[in-house]
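Each chain is listed here by its residues.
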Amino acid sequence: RAVPLRTRHHAERDRLVDERVRPAFAAYREALRTDLAARGRSPERPGLCHLPDGEEHYATLARVHTTTGRSPKELHDTGVELLAHIEREYVPAGAQAFGGTPTSGEVRERLRTDTRLRWSGAREMLAAARTAIARAELAAPRRFGRLPALPCALEGTQAPGAPLAWYMPAALDGSRPGTYHANTERATERSRVLAEATAFHEAVPGHHVQLSLAQELTGLPRLRRIAWINAYIEGWGLYAERLADEMGLYSGPLARLGMLAMDSLRAARLVVDTGLHHFGWTRDQAVAYLREHTVLSEVEIQNESDRYIEWPGQALSYMTGRLEIQRLRTRAARELGPAFDIRAFHDLVLGGGALPLDVLDQVVARWTRRG
């Protein structure tokens, strides 16, 4: 009797995994252990600045990842100043959420450790995400002239080792909608505080609005519609978190603390990434800084520190993008005066697909000159 095609495919898959894939991974692991690990930078000197021409290479990477001409020192100083501002915001928000007169450090410690701020289970997590997205979709027409044709789908996904949530753009052929994935793995160990800021970042008015509108720009080449320029993409996501605050979308003081916690991480990235690769910080210095200024767990702090060491400059793009969009908005509002329309500004920023930030600056400047 003939073996079904599906069974033959599975057998071939298993053969390739056993004969090709597993040996290849074993050889790769052995090469990392024997050839690369001994030549790796030590935890005391992990930054690019300790390598020949390292400072120049890092300055180039900073320009590539931020798509601006800002120097590592400028980015570092920006992060320090921004964190000082966020520290001041923590105090009144923490007093509203918890009562009393807590310090910013006490607020962050409670956000990090209080088990009462965690989900009761996956059902509650998904219900909260659904409510936040629905609230944002209802309010969005007041800030956007154009919105995606299709709403954002929501799925709970058990994904060990994955982030809290992520957005998957729609398939270009329409076979799959744009989807917000909430990671329900070990839901009772996850904080509810970050949920709303994350939903606004990933879904509405964040990546779902941004990336869906880009796909609908049929007058652009496909590459322009799907291009991924991290400073623009993630900059808009962070901008959306603060825009949601302007729109009154956060349900209360705890949710606003989640927004501040997300801000702290992205601002700290500016300081730590440049600290490692431009100022010559040790790995322990990076870890200590993240402990002091963020609400990350210890495991997340260690992972983040390794990420910045392994991928120099990439972490600079997030907050740089947000600050640049905010700067362009402030400039446009000042130059246009009463004629400034926030809906038109958002439509402009999202109406050309992903752009380097220096190009976006030129686009906004031409718009304001036309009045």
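Each remark here, short or long, concerns the structure printed above.
Residues numbered from 1 in each chain as written. Predicted model: local features only at pLDDT ≥ 70, side-chain atom pairs only at ≥ 80, totals over all residues. Heavy atoms only, no water.

A. How the structure looks around the overall build of the chain. Counting its regular elements, the chain contains 15 helices and three strands. In summary, the chain has a C-alpha radius of gyration of 23 Å against a globular reference of 21 Å for 371 residues, a match within 12%. For the chain, the C-alpha atoms occupy an extent of roughly 75 × 60 × 45 Å along the three principal directions. Of all 371 residues assigned to the chain, the portion counted as buried reaches 49%. Of the contacts made within the chain by residues no fewer than 6 positions apart, 73% connect residues no fewer than 24 positions apart. As presented, the chain carries roughly 18,600 Å² of accessible surface, and 55% of it is formed by carbon and sulfur atoms. (Helix = DSSP H or I, 4+ residues; strand = E, 2+ residues; numbered from the N terminus. Rg over C-alpha atoms; globule rule 2.2 N^0.38 Å. Buried < 20%, exposed > 50% of the residue type's maximum accessible area, 1.4 Å probe, protein only. Contact = heavy atoms within 4.5 Å. Areas by Shrake-Rupley, 256 points an atom, 1.4 Å probe, with all protein chains shown as cover.)

B. Representation of the sheet that holds strand 3 (residues 179-183). Pairing is mixed in the open sheet, where three strands are placed in the order 1-3-2. Looking at which strands have only one partner, the edges of the open sheet turn out to be strand 1 (153-157) and strand 2 (165-168). Direction aside, neighbouring strands of the sheet carry axes that sit 25 degrees apart on average. Relative to strand 3, strand 1 runs parallel, the two being bridged by five bridges. Directly across from E155, in strand 3, lies its bridge partner H181. (Pairing = 2+ DSSP bridges. Axes fitted to C-alpha atoms, helices over the stretch in contact; angles between N-to-C directions.)

C. Region of the structure containing the environment of A332. Within the secondary structure, A332 sits in helix 13 (residues 317-336). Judged by its relative accessible area of 0%, A332 falls in the buried class. Remark: the alpha-carbon pair of A332 and T103, spanning 229 residues in sequence, is separated by 36 Å. Not counting residues up to four positions away in its chain, the partners in contact with A332 are G337, F340, F345, V364, W367 and T368.

D. Representation of the pairing of strand 2. Side-chain alternation along strand 2 places A165 and Y167 on a buried face and W166 and M168 on a face that remains uncovered. Sheet topology places strand 2 next to strand 3; four bridges connect them, and they run antiparallel. In the sheet register, Y167 faces strand 3, and the bridge partner there is Y180.

E. Region of interest: the pattern of salt bridges. Using the criterion set out here, one finds 28 salt bridges in the structure. Salt-bridge contacts for E196 lead to R135; the nearest nitrogen and oxygen are separated by 3.3 Å. Here R135 lies in helix 5 (residues 122-139) and E196 lies in helix 6 (residues 195-202), a separation of 61 residues in the sequence. Residue E196 is classed as buried on the basis of its relative accessible area, which comes to 13%. The network of salt bridges with common partners includes E89, R242, D263 and R322. (Salt bridge = Lys/Arg side-chain N within 4 Å of Asp/Glu carboxyl O.)

F. Spotlight on helix 6. Counting buried positions over the eight residues of helix 6 gives eight, a clear majority of the element. Turning to helix 6, its buried residues are A195, E196, A197, T198, A199, F200, H201 and E202. Residues of helix 6 that are buried in the fold lie against helix 5, strand 2, strand 3, helix 7 (207-215), helix 9 (230-246) and helix 10 (253-277).

G. Inspection of the packing of helix 3 (residues 72-98) against helix 4 (residues 104-113) at higher detail. Where helix 3 meets helix 4, the closest approach of the two axes is 8 Å, and the angle between their N-to-C directions is 60 degrees. By the angle between their axes, helix 3 is oblique relative to helix 4. Note that helix 3 runs across helix 4; the crossing there is left-handed. Contacts between helix 3 and helix 4 involve E87, Y90, V91, G94 and F98 from the former and S104, V107, R108, R110 and L111 from the latter. Classifying every residue of the contact of helix 3 with helix 4 by side-chain character gives five nonpolar, two polar and three charged. (Parallel < 35°, antiparallel > 145°, perpendicular 65-115°, else oblique. Left-handed = near helix turned anticlockwise from the far one by under 90°. Nonpolar A, V, L, I, M, F, W, Y, C, P; charged D, E, K, R; others polar.)

H. Looking closely at helix 5. The terminal C-alpha atoms of helix 5 lie 26 Å apart, and with 18 residues this matches the ideal 26 Å at 1.5 Å per residue to within 8%. Listed in full, the buried residues belonging to helix 5 are M125, L126, A129, A132, I133, A136 and A139. For helix 5, the arc enclosing every buried residue in end-on projection is 165 degrees, short of the 170-degree limit, so these residues lie on one face. Exposed residues pointing more than 90 degrees away from the buried face of helix 5 are listed as R123 and L138. Contact partners of the buried residues in helix 5: strand 1, strand 3 and helix 6. (Expected span 1.5 Å × (residues − 1). Arc of directions from axis to C-beta.)

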